[in-house]
Amino acid sequence: MITDVEILNEFAHHEPGVARINNGSFGSCPASIIAAQKQWQLLFLRQPDEFYFNHLQPGLLSSRRVVQALINASDVDEVSLVDNATTAAAIVLQKVSWAFSEGVYSRGDAVIMLHYAYSAVKKSIQAYVSRTGGHVIEVPLPFPVSSNHEIIDEFRKALSLGKSDGRRVRLAVIDHITSMPSVVIPVKELTKICREEGVDQVFVDAAHAIGNVDVDVQDIGADFYTSNLHKWYFCPPSVAFLHCRKSPVSDDMHHPVVSSEYGKGLALESAWIGARDYSSQLVVPQVIDFIKRFEGGIEGIQRRNHEKVVEMGKMLAESWGTCLGSPPEMSSSMVMVGLPGCLRIFSDEDALKLRRHLRHNHRIEVPIYCKAPRDVELGREWSNLVTGYARISRQVYNVTDDYYRFRDVINRLVDDGFHCGMLS
Ligand SMILES: Cc1ncc(COP(=O)(O)O)c(C=O)c1O
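Residues numbered from 1 in each chain as written. Predicted model: local features only at pLDDT ≥ 70, side-chain atom pairs only at ≥ 80, totals over all residues.

A. Geometry of the overall build of the protein. Each helix and strand counted, the protein has 16 helices and twelve strands in total. Against the compact-globule benchmark of 22 Å for 424 residues, the protein has a radius of gyration of 22 Å, which places it among compact chains. Based on the C-alpha atoms only, the size of the protein along its principal axes is roughly 65 × 60 × 40 Å. Per-residue burial over the protein gives 47% buried out of 424 residues. The contacts of the protein with a sequence gap of at least 6 include a subset with a gap of at least 24, amounting to 68%. (Helix = DSSP H or I, 4+ residues; strand = E, 2+ residues; numbered from the N terminus. Rg over C-alpha atoms; globule rule 2.2 N^0.38 Å. Buried ≥ 20, exposed ≤ 12 C-beta atoms within 10 Å, placed from the backbone. Contact = placed C-beta atoms within 7 Å.)

Structural data, given as structure tokens:
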């Protein structure tokens, strides 16, 4: 089993002295995987033709087989490797866009998505769906949230409202773990509702899921499911998988970057999108070897990360007199922790300014979310309101002191009478 010293060495390239409690945004890649990636790069650079004709495709197939087993996909042809979740969203939404422009879908047919969908995915829906005449239904999600029922109820309401004027809902885009605020969404239940309500297809944006929560694509039952391997699965940037359940629709899915492989199926199209560096996609089997060094493998890592981040979240909330944004069972290796109201986080700009202040002045890297007060809260004394939340992450390289430092810095800022209005 890997020792604490070995873990320190694997992440010794992280900038010293930074409390890095934001694995969620960019993930982390251990030194042994960076070394393995370099070997793949050298194999290419040493003799590119030999690499292209004899190593690249078998290597990518090995990575796809690893992912197939990991997510319980029924066939390796259902698994494509792409750069990232943004690319996967483009692949799915491009298909929707064609259905509108080719008259398969009618003007006004809808796509449903969560209010907390990731900004790039929302923009992609705007670019591929709204522009071609599609209607977008947004599900308003509660936050803070206390149960899956609240999410399921809002989803049902938005779906039936969207359908009430006879609209066909062609696609549901559902996050598995929303980015900001971070909440684990009951994807299996929402997918089931979509099936019952006649939604044509379901795309799960699970950018944060693999290595963070259990993933079984057959059990979830969506048509398309993507997750980044570079966030919580220790791969170098950038690599993600897109699982497309076998169907006539998935047979006509294409990579937006068209190469000579066009028409051979998405998995093979994605495995050659022109001359470039494929090394991040090739190291997936070596990542499995890295993960095997931890007790319990990826399940053990996930469980310990979750337990520790919840413990740290509760510790921070108690110290600051606030609360968590969701119950522990609706969080993963990331937890939303309320920040003291006296910090006066009143806008997204305030949240960004505070994040920058923590990075530059205190060497703490943590994303901050601004939650505008609800109408019922407006009359209340602002110091009693929680309008800002920190999204704390936990990965194998974190130590308890990272969170204590964050706690103490916030407490000091509060004691000093600091608030976001003081930041330029
Ligand atoms: C829910 C969600 N979707 C999509 C993305 C985009 O991921 P990437 O930038 O790797 O494409 C992110 C990134 O954080 C995300 O959180």
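From this point, the narrative continues.
B. How the structure looks around the sheet that holds strand β3 (residues 110-114). Strand order in this open sheet of seven strands is β2-β8-β7-β6-β5-β3-β4, and the pairing throughout is mixed. Looking at strand neighbours, the two that pair on one side only are β2 (79-82) and β4 (135-139), the edges of this open sheet. Averaged over all pairs of adjacent strands, the angle between their axes in this sheet comes to 20°, without regard to strand direction. Contacting β3, β4, β5 (169-175) and β6 (201-205), helix α6 (residues 119-128) crosses the sheet at an angle of about 170° to β3. (Pairing = 2+ DSSP bridges. Axes fitted to C-alpha atoms, helices over the stretch in contact; angles between N-to-C directions.)

C. Representation of the pairing of strand β12 (residues 388-393) within the structure. Burial within β12 is extensive, with six of its six residues counted as buried. Across the two faces of β12 the burial is the same, with Gly 388, Ala 390 and Ile 392 and Tyr 389, Arg 391 and Ser 393 all buried. Strand direction decides the pairing type here: strand β9 (residues 334-338) and β12, joined by five bridges, are antiparallel. Each residue of the ladder has a partner; that of Met 336, found in β12, is Arg 391. Strand direction decides the pairing type here: strand β11 (residues 368-370) and β12, joined by three bridges, are antiparallel. Bridging from a neighbouring strand, Cys 370 pairs with Gly 388 of β12.

D. Fine view of the sheet that holds β12. Spatial ordering of the open sheet is given by β9-β12-β11, a layout of three strands whose pairing is antiparallel. Both outer strands of the open sheet, β9 and β11, are each paired with one neighbouring strand and no more. Adjacent strand axes in the sheet meet at a mean angle of 30° when their direction is disregarded.

E. Focus on the packing of helix α4 (residues 48-71) against helix α13 (residues 284-292). Two elements in contact, α4 and α13, have axes whose closest approach is 8 Å; the angle formed by their N-to-C orientations is 45°. As judged from the angle between their axes, α4 and α13 are oblique. Contact with α4, carried on its side by Ser 62, Ser 63, Val 66 and Val 67, involves Val 284, Pro 285 and Ile 288 of α13 and no other residues of that element. By residue class, the composition of the contact of α4 with α13 is five nonpolar, two polar and no charged. (Parallel < 35°, antiparallel > 145°, perpendicular 65-115°, else oblique. Nonpolar A, V, L, I, M, F, W, Y, C, P; charged D, E, K, R; others polar.)

F. Broad picture of the environment of Thr 87. Tracing the sequence through the fold places Thr 87 in helix α5 (residues 85-101). Residue classification places Thr 87 among the buried positions, given that 20 C-beta atoms sit within 10 Å. When the C-alpha atoms of Thr 87 and Thr 226 are compared, they prove to be 9.6 Å apart, with 139 residues separating the residues in sequence.

G. Seen up close, the site of the ligand. Asn 84, Ala 85, Thr 86, Tyr 118, Ala 120, Val 121, Asp 175, Ser 179, Asp 205, Ala 207, His 208 and Asn 228 make up every residue found near the ligand. At the level of secondary structure, the elements contributing two or more residues to the shell around the ligand comprise α5 and α6. (Near = placed C-beta within 6 Å.)

H. Seen up close, the domain arrangement of the protein. Under the domain assignment used here, the protein contains domain 1 (75-273) and domain 2 (295-422). In this structure, domain 1 and domain 2 have C-alpha centres spaced 29 Å apart. Domain 1 puts 15 residues into the contact, and the matching count from domain 2 is 16 residues. Across the side of domain 1 that touches domain 2, the residue classes break down as ten nonpolar, five polar and no charged. (Domains from an automatic or database assignment.)

I. Highlighting helix α8 (residues 187-196). Every buried residue of α8 is listed here: Val 187, Leu 190, Thr 191 and Cys 194. Along α8, the residues classed as buried sweep out an arc of 100° about the axis, all on the same side. Those residues of α8 that are exposed and aimed more than 90 degrees away from the buried face are Arg 195 and Glu 196. The inward-facing, buried residues of α8 abut α7 (148-163), β5, β6 and α9 (217-220). (Arc of directions from axis to C-beta.)

J. Spatial organisation of helix α15 (residues 348-362). Between its terminal C-alpha atoms α15 stretches 20 Å, which fits the 21 Å expected from 15 residues at 1.5 Å a residue. Within the span of α15, buried status applies to Asp 350, Ala 351, Leu 354 and Leu 358. Each buried residue of α15 lies within a common arc of 100° when the element is viewed along its axis, so the set occupies one face. Along α15, the residues that are exposed and aim more than 90 degrees away from the buried face are Glu 349, Arg 356 and His 360. (Expected span 1.5 Å × (residues − 1).)

K. View of the environment of Phe 234. Note that Phe 234 resides in the loop between α10 (229-232) and β8 (240-244). The spatial distance from the C-alpha of Phe 234 to the C-alpha of Gln 37 is 12 Å, given a sequence separation of 197 residues.

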